[in-house]
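Chain residues, written in single-letter form:
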Amino acid sequence: MRKAVLLLCTALFTGCTIAPESNDIVTPPIAGQPLSDANKKAIATLFSLLAKEAKKHWGDDDYVESSKHRYVKYLDGYQTRAHIDFDAGKIYVSTVSQHQPMEKLHKAIVQTVLMPADPKDVEQFSDKDVKLSGKPFFMGQIVDQEGKSIEWEWRANRFAGYMINNKLQSKPIKQGKAYYVQIDMVKDHLEQREYQYASMVRDASKRYDIPEDLIYAVIKTESSFNPYAVSHAGAYGLMQVIPKTAGADVFNLVKKKPGMPTKEYLFDPASNIDTGTAYLHILKTRYLREVTNPSSRHFSMISAYNSGTGGVLSTFHTDRKKAMVMLNQKSPTQVYDALTTEHPKGEARRYLQKVLYFQKDFTQGKI
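What counts, and at which threshold
- Residue numbers run consecutively from 1 along every chain, following the written order of its sequence.
- Side-chain atom pairs in this predicted model are given and counted only at pLDDT of 80 or more, local residue features only at pLDDT of at least 70, and totals for whole chains, interfaces and linings cover all residues.
- Just so you know, side-chain values use all the structure's heavy atoms and leave hydrogens and water out.
- Runs of E in the DSSP output that reach at least two residues are strands. Runs of H or I that reach at least four are helices, and both are numbered from the N terminus.
- Residues count as neighbours in contact if any of their non-hydrogen atoms are within 4.5 Å of one another.
- For accessible areas, the Shrake-Rupley method is used with a probe of radius 1.4 Å. Any residue's cover is judged against the shown protein chains and nothing else.
- Note on method: axes are straight lines fitted to C-alpha atoms, helices fitted across the in-contact stretch only, with angles between N-to-C directions ranging 0 to 180 degrees.
- Here roughly perpendicular refers to angles of 65 to 115 degrees, roughly parallel to angles under 35, roughly antiparallel to angles over 145, and oblique to all remaining angles.
- Crossing handedness follows the turn of the near helix against the far one: under a right angle anticlockwise gives a left-handed crossing, and clockwise gives a right-handed one.
- The classification used treats Ala, Val, Leu, Ile, Met, Phe, Trp, Tyr, Cys and Pro as nonpolar, Asp, Glu, Lys and Arg as charged, and all other residues, Gly among them, as polar.
- Only rings of Phe, Tyr and Trp enter the pairing, Trp through its six-membered ring, and a pair is recorded when the two centres are within 6.5 Å. The plane angle decides the type: under 30 degrees is stacked, over 60 is edge-to-face, the rest tilted.
- Pairs of strands are assigned from DSSP output, requiring at least two bridges between the strands.
- An expected span of 1.5 Å times one less than the residue number is assigned to each helix.
- Exposed residues in this analysis have more than 50% of their type's maximum accessible area, buried residues have under 20%, and partly exposed residues fall in between, with area computed by a 1.4 Å probe over protein chains only.
- Pairs of N or O atoms are called polar contacts if they sit within 3.5 Å, as long as, within protein, a hydrogen donor faces a hydrogen acceptor (for residues adjacent in sequence, only side-chain-to-side-chain pairs).
- Points on a 1 Å grid over protein atoms alone make up a cavity when a 1.4 Å probe fits among them but cannot get out, and a pocket when they form an open set with protein on both sides within 12 Å along at least five of seven lines; lining residues each have an atom within 4 Å of a point.
- Grid points are joined across faces, edges and corners, and a volume is the space filled by probe spheres set on the points.

Structural notes on the overall build of the protein chain
On a plain count of helices and strands, the protein chain comes out with 15 helices and 5 strands. Counted over contacts in the protein chain with a minimum sequence separation of 6, partners at least 24 positions apart contribute 62%. A total accessible area of about 16,600 Å² is found for the protein chain, and carbon and sulfur atoms account for 51% of it.

Quick look at the packing of helix α7 (residues 212-223) against helix α15 (residues 346-363)
Where α7 contacts α15, the two axes come as close as 8 Å, and the packing angle between them is 130°. It follows from the interaxial angle that α7 and α15 lie oblique. Note that α7 runs across α15; the crossing there is right-handed. Touching D213, L214, Y216, A217, V218, K220, T221 and E222 of α7 are Y351, K354, V355, F358, Q359, F362 and T363, all from α15. A per-class count over the contact of α7 with α15 returns 8 nonpolar, 3 polar and 4 charged.

A few points about the packing of aromatic side chains
Summed over the entire model, instances satisfying the criterion amount to 16 aromatic pairs. Aromatic side chains F47 and F125 sit 5.1 Å apart centroid to centroid with 90° between the ring planes, which places their arrangement in the edge-to-face category. Residue F47 is located in helix α2 (residues 37-62), and its partner F125 is located in the loop between α3 (101-113) and α4 (153-167); the two are separated by 78 residues in the primary sequence. Here the aromatic rings of Y63 and Y74 are separated by 6.1 Å at their centres, their planes lie at 15°, and the arrangement is stacked.

Quick word on the sheet that holds strand β2 (residues 80-85)
Taken in spatial order, the 5 strands line up as β1-β2-β3-β5-β4 in an open sheet, and their pairing is antiparallel. Looking at the sheet topology across the chains shown, the edges are occupied by β1 (70-75) and β4 (169-173). Ignoring strand direction, the axes of neighbouring strands in this sheet form an average angle of 20°. Relative to strand β5 (residues 176-184), strand β3 (residues 90-95) runs antiparallel, the two sharing 6 bridges. Of the residues in β5, the one forming a bridge with K90 is D184. Running at roughly 150° to β3, α3 makes contact with β1, β2, β3 and β5 of the sheet. Here α4 sits on the sheet and contacts β4 and β5; the angle it forms with β5, its principal contact strand, is near 120°.

A word on helix α11 (residues 294-307)
Helix length check: α11, at 14 residues, gives a terminal C-alpha distance of 20 Å against a target of 20 Å (1.5 Å per residue), a fit within 8%. Within α11, 12 of the 14 residues are buried, leaving the element largely enclosed by the surrounding structure. Among the residues making up α11, those that are buried are S295, S296, R297, H298, F299, S300, M301, I302, S303, A304, Y305 and S307. The backbone nitrogen of S295 lies 2.9 Å from a side-chain oxygen of the residue at the head of α11, namely N293.

Let's talk about empty space enclosed by the protein
Under the counting rule described, the total for this entry stands at 3 cavities of 30 Å³ or more. What the largest cavity holds in volume is close to 40 Å³. Residue lining of the largest cavity: K73, L75, A82, Q111, T112, M115 and V130, and that is the complete set. For the lining of the largest cavity, the secondary structure elements donating two or more residues are β1 and α3. Here the residues of the lining of the largest cavity are counted per class, giving 4 nonpolar, 2 polar and 1 charged.

A few points about the side chain of H83
Topologically, H83 is positioned in strand β2. Not counting the four nearest positions on each side in its chain, H83 is found in contact with V64, R70, Y71, V72, K90, I91 and Y92.

Examining unusual backbone geometry
The residue S224 is not glycine, and still its phi comes out positive at about 55°. Summarising the element assignment, S224 is placed in the loop between α7 and α8 (243-254). Positive phi, normally seen in glycine, also occurs at Q240, with a value near 50°. Inspection of the secondary structure assignment puts Q240 in the loop between α7 and α8.

A few points about the packing of α7 against helix α10 (residues 269-287)
In contact at an axis separation of 11 Å, α7 and α10 are set at 115° when each is read in the N-to-C sense. The angle between α7 and α10 places the two elements in the roughly perpendicular class. The two elements α7 and α10 meet at a crossing, and its hand is right-handed. Contacts between α7 and α10 pair L214, I215, V218 and I219 from the former with I273, T277 and L280 from the latter.

Written out as structure tokens, the structure is:
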């Protein structure tokens, strides 16, 4: 891995248009700065209410909820659900309804395969039907029994009928009996999702002087290109932007406007990629501008995207000024080693490794 990191260092900082920099000195957030209590409480309440309703029908053991890499949508009084595993490329559509279960399952399959590409049209925290409009998000990622992409409702209905007639499974659960089908995405489902956002990534890369492969790597690490992603910390969308922290920084320091982005704004893929990339630019040109070695700054920037600038500096010393001096005294390899073995947060240590691994794959065209 260390050899791969050193090879990666030589190719990270070429080919970008330089974005305007400010000479303003901005104090970065303190390590471990708490997120907005109101934001965390609001998200926790939504997850709690959803769990309360869904568990009435599924029980504790078979309840599933959304995460950064997993999307779960409940329907039909919380008795039917679509569970999408973006990492594995599998979709499970299930129902525990004892009243017309096949009709409920059929409808849920149609709504799932035709789910709109705009996450704002999908209410994750209710059992409302999915509003079908525009190009389906799974266009190209799912094919029917004839190997054809599913774009229109008539084809989705025919596919749902085929799945129920030929692929239906069932299993006992504590609350009764569940019927379900498993839909496998195509082998290159990740690339298919990547293609959807190629122009947005390219534009953001040019706008903020951030390499395209890094943006792709952050998106894959954060959400596996799941635009519906919501975390318990209150992060939204492809690049998992938290409105109160990174979002507010981008609005205030880059967009030059007060306030913070709304969740609707961050669910828009173009706005999300723009905001996440702008925050990487802030880390690079403001909060970590004193890191002298470009590769060390790159590693620090990636780590800070996950855990904050303070988390990076606390890896080297409790005093922020001394930490910067110590960081700059180390070689890029030593900085990488420190951030992946000594960072106070285990998640942050793994995060840097994952992003660099995915960035190398994108650079080499493997993803």
